[in-house]
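If you want the building blocks of each chain, they are given just below.
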Amino acid sequence: MVATPKHETLDRNLALDAARVAEAAAIASFAHIGRGNEMAADQAAVDAMRKALNILDLDGLIVIGEGERDHAPMLYIGEKVGTGKGQRVDIALDPLEGATLTAKAMAGAMTLVAFTPSGGMLQAPDTYMDKIAIGPGYNPGLVDLDASPADNVRAVAKAKGVTPSDITVCVLDRPRHADIIASVRSVAARVHLINDGDVAGVINTTDPQTRVDLFLGSGGAPEGVLACAALKCVGGQFQGRLIFRNDDEKARARKLGLKDADFGRKYDLDELVPGDAVFAATGVTNGALLDGVRFADGYVHTHSLVMTTATHTVREIRMKRPV
Ligand code: FBP
């Protein structure tokens, strides 16, 4: 487990900085909506996010980024960003969560960044992670990654005082999730399938407007940590277990400092993000949580969510700037 010194907190103004970084990547992604080129969309977001990070007065280290140095020319794990003058922070980012959604002009693409004090989040390898998440307000331990999806649905239904058929479970629409979907449907609960973007899928559980009660299934491990940074701010429960498909993935995990003993381990929210965090997301295309970027009347408009653990403040920021 990563240990964060208790006294270490983040400068609260970092929240606005995080929003600026997420906004910049979203605005740059706009030109690529619906153009069928995921890589170009991702590159535009990466370039803009890096530029926005590098003008901030912080001593930033990317711990979750676009990949390892040899495979990612920019925003790679271990890259230093910022002017180097301010607070020492670890950074997790996904400059474009939903590059395919952007390329296809589909709902729910967003840009993501999180800051923690140094050592404040698990440096997750780029593998898959099995995930379960619920929003705030439930007793600790209500759901469990090792319980069946049907049992988790029953537990949430009981806690809410409703029947399982009133529960909605968000799942990435992938063939590998067929058993989860069947188990959820076996107790007559609803399945809300998403094409991509499981960070938003987890955050959905915290927003009653989305009507999602539970998130289940596997997705990227880095996205799991980013989702935890958000959940830590707004409240909720999360469990994740890394999935390794081959020895190469295990070797990459070891390079990031994970021990073999951690490989099968079930991480909870406080193990993935133990301390203070700031999280920001900006919509690229319209989605359940955020509106997408819009150019109108000589302005660019963005819609962002910015959250902090320090005060559990959640801000929705609508920015407009002349173009
Ligand atoms: P990117 O757009 O950042 O590549 O990720 C999209 C995403 O849907 C993540 O939200 C999710 O964790 C992962 O891909 C799922 O992976 P896969 O598409 O291989 O099932």
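Residues numbered from 1 in each chain as written. Predicted model: local features only at pLDDT ≥ 70, side-chain atom pairs only at ≥ 80, totals over all residues. Heavy atoms only, no water.

Draft legend 1. Just the sheet that holds strand S7 (residues 190-194), in detail. Strand order in the open sheet made by the six strands is S7-S6-S8-S5-S9-S10, with mixed pairing throughout. Strands with a single pairing partner mark the edges of an open sheet, and in this sheet they are S7 and strand S10 (266-268). In this sheet, neighbouring strand axes are inclined to one another by 20 degrees on average, regardless of whether the strands run parallel or antiparallel. Looking at chain direction, strand S5 (residues 128-134) and strand S9 (residues 237-243) are connected through seven bridges and run antiparallel. Residue pairing across strands places Tyr 128 opposite Ile 243, the latter belonging to S9. Packing against the sheet, helix H4 (residues 149-160) makes contact with S5, strand S6 (168-172) and strand S8 (214-220), and its axis sits at approximately 140 degrees to S8. (Pairing = 2+ DSSP bridges. Helix = DSSP H or I, 4+ residues; strand = E, 2+ residues; numbered from the N terminus. Axes fitted to C-alpha atoms, helices over the stretch in contact; angles between N-to-C directions. Contact = heavy atoms within 4.5 Å.)

Draft legend 2. Up close: the pairing of strand S11 (residues 278-283). Taking burial as the measure, the six residues of S11 include six buried ones, the bulk of the element. Side chains of S11 alternate between two faces, with Val 278, Ala 280 and Thr 282 and Phe 279, Ala 281 and Gly 283 buried alike. Two strands pair when backbone bridges link them, and strand S4 (residues 110-117) and S11 are joined in this way by six bridges, in the antiparallel orientation. Note that in S11 the partner of Met 110 across the bridge is Gly 283. Alignment of S11 against strand S13 (residues 299-308), held across five bridges, turns out to be antiparallel. Within S13, the position partnered with Val 278 by the bridge is Thr 308. (Buried < 20%, exposed > 50% of the residue type's maximum accessible area, 1.4 Å probe, protein only.)

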